[in-house]
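Listed here are the chains, written in short residue letters.
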Amino acid sequence: MSHVLVLNSGSSSIKYQLLDMGKGAPVASGVVERIGEGQSVLTHKVPGDAPGAPARKHERREACPDHEAGLKAVLDAFTTAGPDLDGIELAAVGHRVVHGGARFGGAVLVDDEVEHAIEELAPLAPLHNPANLAGIQGARKAFPNVPQVAVFDTAFHQTLPPAAYTYAVPAPWRTEHKVRRYGFHGTSHAYVSRRAAAILGQDPADTNVIVLHLGNGASATAIEGGRSVETSMGLTPLEGLVMGTRSGDVDPSLHAYLARNGGMSAAEVDTALNKQSGVLALAGANDMREVWRMVDEGDEGARLAVDVYCHRLRKYIGAYYAVLGRVDALVFTAGVGENDERVRAGAVTGLDRLGLRIDPAKNESLERGTDQVISPDGAEIPVMVIPTNEELEIAVQSLDLLNR
Ligand SMILES: Nc1ncnc2c1ncn2[C@@H]1O[C@H](COP(=O)(O)OP(=O)(O)O)[C@@H](O)[C@H]1O
Ligand SMILES: CC(=O)OP(=O)(O)O
Ligand SMILES: [Mg+2]
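Within any chain, residue numbers begin from 1 and follow the written order of that chain's sequence. Chains and ligands are labelled by the order in which they are written, letters from A for the one and numbers from 1 for the other. Restriction of local features to residues with pLDDT of at least 70 applies here, the model being predicted, together with a cutoff of 80 or more for giving and counting side-chain atom pairs; totals for whole chains, interfaces and linings are based on all residues. Computation of side-chain values: all heavy atoms of the structure, hydrogens and water removed.

K.L.:
Sorry if this is basic, but what is going on with the confidence of the model for the protein here?
P.N.:
Reading fine detail from the predicted coordinates is not recommended where pLDDT is low. Here the protein shows a mean pLDDT of 95. Residues at 70 or above account for 100%. Here the prediction assigns the complex a pTM of 0.94, and the interface score ipTM is 0.98. The pLDDT value expresses, per residue, how confident the predictor is, ranging between 0 and 100.

K.L.:
Honestly, the site of ligand 1 in this entry has me stumped. Any pointers?
P.N.:
By nearness alone, 15 residues border ligand 1, and Ser-13, Lys-15, Asn-216, Met-288 and Gly-335 come closest of all. By the criterion applied in these results, polar contacts are pairs of N or O atoms within 3.5 Å in which, for protein atoms, one can donate a hydrogen and the other can accept it, and in which residues neighboring in sequence qualify only through two side-chain atoms. Here an oxygen atom of ligand 1 and a backbone polar atom of Met-288 are 2.9 Å apart. In this structure, an oxygen atom belonging to ligand 1 sits 3.5 Å away from a main-chain N or O atom of Val-336. What sets the accessible areas is the Shrake-Rupley method with a 1.4 Å probe; for residues, cover comes only from the shown protein chains. Contact with the protein chains removes 82% of the 580 Å² of surface that ligand 1 exposes when unbound. The way it works is that DSSP assigns letters per residue, a run of H or I at least four long becomes a helix, a run of E at least two long becomes a strand, and they are numbered from the N terminus. Listing elements by their share of the shell around ligand 1, those giving two or more residues are α10 (288–296) and α12 (334–339). It is α12 that contributes the most residues to the shell around ligand 1, four residues altogether. Whether a residue is near a molecule or strand depends on its heavy atoms: if one lies within 4 Å, it is near.

K.L.:
Please explain the UniProt feature "active site" (unreviewed entry) in the protein as it appears in this structure.
P.N.:
If you check UniProt for "active site" (unreviewed entry), the listed places come out as Asp-153 in our numbering. Turning to its location among the elements, Asp-153 is positioned in the loop between β8 (148–152) and α4 (162–165). Two residues qualify as a contact provided that any one of their heavy atoms is within 4.5 Å of a heavy atom in the partner residue. What Asp-153 contacts, discounting residues up to four positions off in sequence, is Arg-96, Val-97, Val-98, Gly-183, Phe-184, His-185, Gly-186 and Thr-187. Polar side-chain contacts of Asp-153 include one of 2.8 Å to the side chain of Arg-96. UniProt positions are given in the numbering used here, feature names are shortened, and annotations may be inferred rather than shown by experiment.

K.L.:
Help me understand the environment of Leu-18, please; the structure alone is not making it clear to me.
P.N.:
Mapping Leu-18 onto the fold places it in strand β2 (residues 14–20). Given the relative accessible area of 0%, Leu-18 is considered buried. Put simply, Leu-18 and Arg-96 are 78 residues apart on the chain and 14 Å apart in space, counted from C-alpha to C-alpha. Setting aside residues no more than four positions away along its own chain, Leu-18 makes contact with His-3, Val-4, Leu-5, Ala-25, Pro-26, Val-27, Ala-28, Phe-78, Pro-83, Leu-85, Ile-88 and Leu-90. Each residue gets one of three labels from its accessible area relative to the maximum for its type: buried under 20%, exposed over 50%, partly exposed in between, using a 1.4 Å probe on protein chains only.

K.L.:
Would you mind going over the packing of aromatic side chains with me for this structure?
P.N.:
One pair of aromatic rings is described through two measures. These are the centre distance and the angle between the planes. In this scheme Phe, Tyr and Trp rings, the latter by its six-membered ring, pair at centre separations within 6.5 Å, and the angle between planes marks the pair as stacked below 30 degrees, edge-to-face above 60, and tilted otherwise. Going through the model one piece at a time under the given rule, you end up with three aromatic pairs. An angle of 55 degrees between the planes, with centres 5.7 Å apart, marks the rings of Tyr-16 and Phe-78 as tilted. Taken as a pair, Tyr-16 in strand β2 and Phe-78 in helix α1 (residues 67–81) lie far apart in primary sequence, 62 residues in all. Both residues of the pair, Tyr-16 and Phe-78, count as buried. Their ring planes at 5 degrees and their centres at 4.4 Å tell us that Phe-104 and Phe-152 sit as a pair that is stacked. Of this pair, Phe-104 sits in the loop between β6 (90–97) and β7 (108–109) while Phe-152 sits in strand β8, and the two are 48 residues apart along the sequence. For the pair Phe-104 and Phe-152, a shared accessibility class is recorded, and that class is buried.

K.L.:
Is there a simple way to explain the site of ligand 2 in this structure?
P.N.:
Near ligand 2, the surroundings consist of Gly-10, Ser-11, Arg-96, Val-98, His-128, Asp-153, Phe-184, His-185, Gly-217, Met-233, Pro-237 and Arg-246. His-185 places a side-chain nitrogen or oxygen 2.7 Å from an oxygen atom of ligand 2. Between Arg-246 and ligand 2, the recorded distance is 2.9 Å, taken from a side-chain N or O atom to an oxygen atom. Notes on ligand 2: free accessible area 260 Å², of which the protein chains cover 93%. Broken down by class, the residue content of the shell around ligand 2 amounts to four nonpolar, five polar and three charged. When residues are sorted by character, Ala, Val, Leu, Ile, Met, Phe, Trp, Tyr, Cys and Pro go into the nonpolar class, Asp, Glu, Lys and Arg into the charged class, and all the rest, Gly among them, into the polar class.

Spelled out as structure tokens, the structure:
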């Protein structure tokens, strides 16, 4: 029986699953949330032994200033709450790596050279590749005899056509500096778009889908016949939608303007656009649960934040409709997409003429953690909520690589 441990280090969290690949299901899973935000919260779940038996849940609050501390908390949770990792033979540890550049078009076995390449790409994903690397280094130390596999966010978007991935900038930038659109969240977009085709009862090769992956980071992808043909994140995970702490699209002159008129360095502007912008800059909080609480109390900044957030979503839905020509489904996924009915409603407001509508009752009474269609019966374009499962997808790709 083979087991795979998957580490998914996001910008503010580590999600992990220990999967029994015979069953394709987790034997333990959890998340460390709010890493680097003071008090972190670790939730570790072990499903019940018998079918229908309740899951055991283990919760801990402690300061995890960075992803290294986060990984230590995860390994401690296995020791305290089980299953004991010393008693399990791992076939692989699968790692989510956000930026793979143009070099990594699929999963690879991690060695020193691959580690170095991930480090070299860190300037292009400053919130992520260092976190991914911390996970890889920690896991190589903790499990020195287990193959470590890297699965890249960028890989699924290697199918973008030149018209979509090329920026209209000078040739040396594109050739020497590899400046182009790479796209991210690919593992999630791939998994969720395949699920959407299955729900429609269609072959993915004949299915066109717009996926909105709305987590702390957020991206939209247009998928044509199972292949990514346009996506909102670019050279780095900063472009596109409004995110928790990231601005998404701004005028590219912003750096030069703030250098001239605000005396700021390029690095200062970049850090602010990545870490102090987005919903956080407008509302004063980056967690949508908190932002809606503020909206309900009449906070004007929070109201503006959700208006800007949803306006940007509508713009991208319209644009990707034009890119695809025919849309078979619109899918919401990730933390905000799966849980925030007001964002989902706001994203399709006024798009009836495109065939996009939501049934308020279905949207608001959603059973968490399951695939759901939230458009009215007989709607022209089904609107769906599909929980992403980057961990399962990473485990499957890791084993595929080892069995090749
Ligand atoms: N019940 C909820 N309602 C609204 N938003 C939620 C809810 N639960 C989680 N979120 C949002 O999801 C975000 C985390 O999404 P997630 O996909 O886990 O992000 P990441 O992978 O980037 O860490 C939180 O910052 C919060 O804004
Ligand atoms: C690429 C990216 O933005 O990832 P996350 O949403 O996990 O921060
Ligand atoms: Mg994520």
